[in-house]
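Report on the structure
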Amino acid sequence: MTLLIKWLVNALAIGITAYLLPGVAISGFFAALVTALVLGLVNIFIKPLLLLLTLPINILTLGLFTLVINALMIMLVAAIVPGFMVRGFWWALLFGLVLAVVNYILDIIFF
């Protein structure tokens, strides 16, 4: 049950973040639900592999390259999910940062 609630909260956070940023568009709540699901799956399966492969550059940049990987994961999700659009790399980077803050605030409210 909590997994379903967290999925809905993440979809709400994606919708709020897309509303706040003009470079990101989402067509509706169903698209936000699908985006939350695909983003979660990408973060579970693909992101750890990319973090391992880019470990040397991540160490050199003191972990800041992780932000680049997050932006690339968001751009991948935007390419997969119809109804979710990100205008470019910098918007994806900003989307990831704002999404983290919105998720943090919603987690405090709901959990």
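Described in the following lines is the structure provided in the data block. (Residues numbered from 1 in each chain as written. Predicted model: local features only at pLDDT ≥ 70, side-chain atom pairs only at ≥ 80, totals over all residues. Heavy atoms only, no water.)

Check the secondary structure of the protein chain and you find six helices and two strands. Written out in order from the N terminus, the α and β elements of the protein chain read α-β-α-α-α-α-β-α. Radius of gyration (C-alpha) of the protein chain: 14 Å, near the 13 Å computed for a compact globule of 111 residues. By principal-axis analysis of the C-alpha atoms, the protein chain measures approximately 40 × 30 × 20 Å. Considering the protein chain as a whole, with its 111 residues, one finds that 34% of them fall into the buried category. Within the protein chain, contacts between residues separated by at least 24 positions form 63% of all contacts whose residues are at least 6 apart in sequence. On the protein chain, roughly 6,800 Å² of surface is accessible, and the fraction owed to carbon and sulfur atoms is 80%. (Helix = DSSP H or I, 4+ residues; strand = E, 2+ residues; numbered from the N terminus. Rg over C-alpha atoms; globule rule 2.2 N^0.38 Å. Buried < 20%, exposed > 50% of the residue type's maximum accessible area, 1.4 Å probe, protein only. Contact = heavy atoms within 4.5 Å. Areas by Shrake-Rupley, 256 points an atom, 1.4 Å probe, with all protein chains shown as cover.)

Further remarks concern helix H5 (residues 65-80). Between its terminal C-alpha atoms H5 stretches 23 Å, which fits the 22 Å expected from 16 residues at 1.5 Å a residue. Burial in H5 covers these residues: Ile-69, Ala-71, Met-73, Ile-74, Val-77 and Ala-78. (Expected span 1.5 Å × (residues − 1).)

What follows deals with unusual backbone geometry. Even without glycine at this site, Leu-62 takes up a positive phi of about 55°. Looking at the element boundaries, Leu-62 is found in the loop between helix H4 (55-60) and H5. Among the residues examined, Leu-62 registers a relative accessible area of 79% and is labelled exposed.

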